[in-house]
Amino acid sequence: TPLHPLNSWHTVDVLVWVSMKLIFFLATLVACSSYLVYALSDVQPAAAIAHFTELSTKFRKFHQDPTNVFLHLITTPLGILSFLSLVNKVSKGTGIVMLTTVVYCISLVDKVPENILAQTSLMAGALAVASTLTQHLGWLMHAVIFLVGYVGQEAAHYFTGEATFQSSYQEQEDFLALLSQHTYYLLPLVFDSTYPEGSGQFASAEAEWVSVLASRVYHLMPLAVVLAMHFVSKDGALTFPWQFQRSRVIMVKLNKPEDVKDLADIRAWAISKGPSKATSTHWWYQPPKPTTPKENCLEDAPKAAFTRIATCDTINNAFRSRFGENWAIDVLWGMNEVYVSSPPSVKNTSDEVFYTRHIDGPYYYIPFASCFRMIIGMDDNEAITTKFPMVPTECAAKQGDVLAFDFHREVHYIQKNPEIENKDFRIVLKVHHVIYPQWALPFGKYLGYLSTEYNKAFRSLFLYTINPDGAWNKFVAWNVVFWTKVVNWSEENLGYSNVAYLFFLGLAAAMIDFRIFLVGTSFVHYIRYINTYYHREGVAYNVFKRDVLLFKTLAVSQLVFHYLYAATSGFNSDVISALKDQVGVVDLVMVLGGYGLSIYTTAQLGVDGTYFGIELGFVKAQKNYVQKFPYGVIPHPMILSQCVALCGFYRNALFRAYLPWLVPAHVCLYLIHMVQEHFDIYKAKKTVKTA
């Protein structure tokens, strides 16, 4: 693969690759559509699910107890997850599980009620994706997960005094056939048992088969959405809030003799031009405008050296090791420059932006591609440090240091160390690349174009306000700084990716069903806990804390809201009176006591200690440094106390009937993470063998 994907053959190669993928997708789509047409064209909807309805009636006789159903919502997915994960581990891939999941969900379209189809396809897709993460666990952990799932089901029946459904047919001659049927329908049957009998959603008996087909395909959309999200995020092209998010700040060193010489030549040329001691100085690789004076652009010799640096092996390898061999790397020549820092005392000029927390560009919403700004040091600078508060990390770029970060997404600023003075100018190269997976070629090219044009426009505004003279110019310079701070505050406290995710989720919920938003926000923080605790290395720690606090707040707020909604029959009665009638003393003690103990333990650990600061290396303390109650008395007090509070909510019959799956899902994910913490399950750091 050549270093520069701008070569014409590369574009053709990518288009061929994308075309082959598209043909495969269309062939799969045609095959699946053919099955759907065949399955639904000559049968009536009610008749098609008669078998499932009969089976459900039998299954319900053995799943009457709410506690038994509650535990099945936890143990059944765990058992399935362990099996899928083992298939991935043995096959050393994910194709078998993904294809089987799609075939399984499509096979259910003419057999189960539509609401059960939607829930099953969502869960099946989620388990298939989760299995791609758990397949790296050891054989022992797979055995543990399977035993928790399988033995947990048996224990649920034992402790609730209900016989198992399997016991009703295990003595029959066709036992294996009935067991296969039971296994095939297990996930839909568990979901169906959470609803009152006869509440399944069906298409009208008078509906044409085309309408039935459209309705069933619509209820398969959760599977399609989950798999599509997995595809665009598995190689880092797009990240969702529940995923582990590594720092996108890349640091390497240019130490090859030819690179060191090129840097020295560029610096010597810049010094010879006499940079300003009052403001920052810039020389552009390409003139931003036709009218740009030649003296503001690089001459031929430093330009050639700049080209070699921007395309050197060290830089390309840094990107490929971080994002993958199949990512394209395009240099954005129109954005590149040699930059000399301004003095740190600037105020009320656009130079102040660099000393203010800021994001360089506005196109954070362009998916699947990233524009990286690269700062390359060319001197012995120690006085000026570039800081990245959301990681957090920092670097005073010296000779050969390369510091790359996302131009449109990474908060950063430069800071002057008052105790150190550079003996000479601080001069750096600003090099820009746009990177993207090969299938996202149009997005990469578009982002590269937008970034370059924005940079040219901002240069004009920057130069206009770098040394403002007059009330209007000072007002414009003030606006540059003010809006920079507003954009930065929004990213640091909310995160633009989170805002976009919540917006589209809310839009889908408003158009389709409120439960889309409820599911999409209630469990994000648990999965982020699990992913971050497991991967650890290179985490963007402050991004992690921001996201989990945001989504945990949303989860608890919605839990309380829907609890009140159920207890007051949709807010149709007085809240206080309804709570007095519907909420028992035990419920109240469990909720208040559980959350109270959780808050107390958080205060003991501190926010950073609570959110894995010790495990991730951001808090210098021993893992068990807190020994006060409840630590040393109650194992995992923070998790167990919140599980108690959640069960306090679940005791309410109205709430349990309204959203029967919500609390079990919360508890299940909490317990998974508790097991992870207890056995300290995480991915070991890669070690480099030396001779």
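Residues numbered from 1 in each chain as written. Predicted model: local features only at pLDDT ≥ 70, side-chain atom pairs only at ≥ 80, totals over all residues. Heavy atoms only, no water.

J.: Report on the overall build of the chain, specifying residues and quantitative values.
T.: Summing up its helical and strand segments, the chain has 24 helices and ten strands in all. For the chain, the residues scored as buried account for 50% of the 691 residues in total. Within the chain, contacts between residues at least 6 apart in sequence are counted, and of these 81% link residues at least 24 apart. Accessible surface computed for the chain: about 33,500 Å², of which carbon and sulfur atoms make up 64%. (Helix = DSSP H or I, 4+ residues; strand = E, 2+ residues; numbered from the N terminus. Buried < 20%, exposed > 50% of the residue type's maximum accessible area, 1.4 Å probe, protein only. Contact = heavy atoms within 4.5 Å. Areas by Shrake-Rupley, 256 points an atom, 1.4 Å probe, with all protein chains shown as cover.)

J.: Tell me what's going on with the pattern of salt bridges, and back it up with residues and numbers.
T.: Taken as a whole, this structure holds 22 salt bridges when the rule is applied. Among the ionic pairs, Lys445 bridges to Asp330, the shortest N-O distance being 3.0 Å. Of this pair, Lys445 sits in helix 14 (residues 441-465) while Asp330 sits in strand 3 (residues 327-331), and the two are 115 residues apart along the sequence. With relative accessibility at 33%, the residue Lys445 sits in the partly exposed group. On the basis of relative accessible area, Asp330 is assigned to the buried category, the value being 3%. As a salt-bridge pair, Arg357 and Glu492 come within 3.0 Å of each other at their nearest N and O atoms. (Salt bridge = Lys/Arg side-chain N within 4 Å of Asp/Glu carboxyl O.)

J.: Account for the packing of helix 21 (residues 585-610) against helix 22 (residues 637-650), with residues named and values stated.
T.: Here helix 21 crosses helix 22 at 155°, and the two axes come no closer than 8 Å. In terms of their interaxial angle, helix 21 and helix 22 are classed as roughly antiparallel. Between helix 21 and helix 22 lies a crossing of left-handed hand. Listed contacts from helix 22 to Asp587, Met590, Val591, Gly594, Tyr595, Leu597, Ser598, Thr601, Thr602, Leu605 and Thr610 of helix 21 are Pro637, Met638, Ser641, Gln642, Val644, Ala645, Leu646, Cys647, Gly648 and Phe649. Of the residues contributing to the contact of helix 21 with helix 22, the split by class is twelve nonpolar, eight polar and one charged. (Axes fitted to C-alpha atoms, helices over the stretch in contact; angles between N-to-C directions. Parallel < 35°, antiparallel > 145°, perpendicular 65-115°, else oblique. Left-handed = near helix turned anticlockwise from the far one by under 90°. Nonpolar A, V, L, I, M, F, W, Y, C, P; charged D, E, K, R; others polar.)

J.: If you had to explain unusual backbone geometry to someone new, which residues and values would you point to?
T.: If a residue is not glycine, its phi is most likely negative; likewise, a peptide bond is most likely trans. Cis geometry is adopted by the peptide bond preceding Pro392, which originates at Val391 and carries an omega value of -10°. Assignment of secondary structure puts Pro392 in the loop between strand 6 (384-388) and strand 7 (393-395). We note that Arg536 has phi near 65°; this positive angle belongs to a residue other than glycine. With respect to the secondary-structure elements, Arg536 resides in the loop between helix 18 (524-535) and helix 19 (541-567). Look at Arg536 and you get buried, because its relative accessible area is 14%. Unlike most non-glycine residues, His636 shows phi in positive territory, near 50°. Looking at where His636 falls in the secondary structure, it is placed in the loop between helix 21 and helix 22.

J.: Now, about the packing of aromatic side chains: what can you tell me, with residues and values included?
T.: If you walk through the whole model with that rule in mind, you get 43 aromatic pairs. With 5.0 Å between their ring centres and 75° between their planes, Tyr563 and Phe649 make a pair best called edge-to-face. Taken as a pair, Tyr563 in helix 19 and Phe649 in helix 22 lie far apart in primary sequence, 86 residues in all. Linked through ring pairs, Tyr526, Tyr529, Tyr533, Tyr541, Phe544, Tyr611, Phe612, Phe618 and Tyr670 together constitute an aromatic cluster. (Phe/Tyr/Trp six-rings, centres within 6.5 Å; stacked < 30°, edge-to-face > 60°.)

Purely geometric stuff here, so don't read any function into it on its own.
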